[in-house]
Amino acid sequence: MKNSNQGIVLLASAVVILSGAFSLGMGGLIEAISPHRGLGYEHAVITAGYVLLFMGGISFVVTYLRKQQ
């Protein structure tokens, strides 16, 4: 790898993607088994999960394409 900083950015992007997936899972658990269903918490958690997945995916793809050039 030419630049070790790109590897660190790829790792950080993967962690952001993992946290987005975890957030989506927690949103599903809130909807399924929480005594606080219906209060709207699950919508905020799921939205945050999608935002994290989108941001992590975009930064991963951009960094990967830069690394390949």
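## Let's talk about the overall build of the chain
Item 1. Within the chain, the secondary structure is distributed over two helices and zero strands.
Item 2. Compactness check: the chain gives a C-alpha radius of gyration of 16 Å against a globular reference of 11 Å for 69 residues, more than 25% above the reference.
Item 3. Projected onto its principal axes, the C-alpha coordinates of the chain cover approximately 50 × 15 × 10 Å.
Item 4. Of all 69 residues assigned to the chain, the portion counted as buried reaches 16%.

## Some details on a nonpolar patch on the surface
Item 1. Taken together, the side chains of Val51, Phe54, Met55, Ile58 and Val62 define a hydrophobic patch exposed on the protein surface, amounting to about 470 Å² of accessible area.
Item 2. Assignment of secondary structure puts valine 51 in helix 2 (residues 41–68).
Item 3. Taking relative accessible area as the criterion, valine 51 reaches 42% and is therefore assigned partly exposed.

## Section: helix 2
Item 1. With 28 residues, helix 2 extends 41 Å between its outermost C-alpha atoms, agreeing within 8% with the 40 Å of an ideal straight helix rising 1.5 Å per residue.
Item 2. For helix 2, every residue scored as buried is listed here: Glu42, Gly49, Gly56 and Thr63.

## Digging into the environment of alanine 14
Item 1. Positionally, alanine 14 belongs in helix 1 (residues 4–33).
Item 2. The class of alanine 14 is partly exposed, set by a relative accessible area of 35%.
Item 3. Counting along the chain gives 53 residues from alanine 14 to lysine 67, while the straight-line C-alpha distance between them is 15 Å.

## Regarding the environment of isoleucine 17
Item 1. Relative to the assigned elements, isoleucine 17 resides in helix 1.
Item 2. Residues isoleucine 17 and methionine 55, spaced 38 residues apart in sequence, show a C-alpha to C-alpha distance of 8.0 Å.
Item 3. Isoleucine 17 has contacts with Leu53, Gly56, Gly57 and Phe60, leaving out every residue within four places of it along the chain.

## Focus: the side chain of serine 23
Item 1. Tracing the sequence through the fold places serine 23 in helix 1.
Item 2. Residue serine 23 is classed as buried on the basis of its relative accessible area of 11%.
Item 3. Ignoring sequence-local partners within four residues, the contact set of serine 23 consists of Val45, Ala48 and Gly49.

The rules behind each value
Residues numbered from 1 in each chain as written. Predicted model: local features only at pLDDT ≥ 70, side-chain atom pairs only at ≥ 80, totals over all residues. Heavy atoms only, no water. Helix = DSSP H or I, 4+ residues; strand = E, 2+ residues; numbered from the N terminus. Rg over C-alpha atoms; globule rule 2.2 N^0.38 Å. Buried < 20%, exposed > 50% of the residue type's maximum accessible area, 1.4 Å probe, protein only. Patch = residues over 30% accessible without salt bridge, like charges linked within 9 Å, V, L, I, M, F, W, Y side chains within 5 Å. Areas by Shrake-Rupley, 256 points an atom, 1.4 Å probe, with all protein chains shown as cover. Salt bridge = Lys/Arg side-chain N within 4 Å of Asp/Glu carboxyl O. Expected span 1.5 Å × (residues − 1). Contact = heavy atoms within 4.5 Å.

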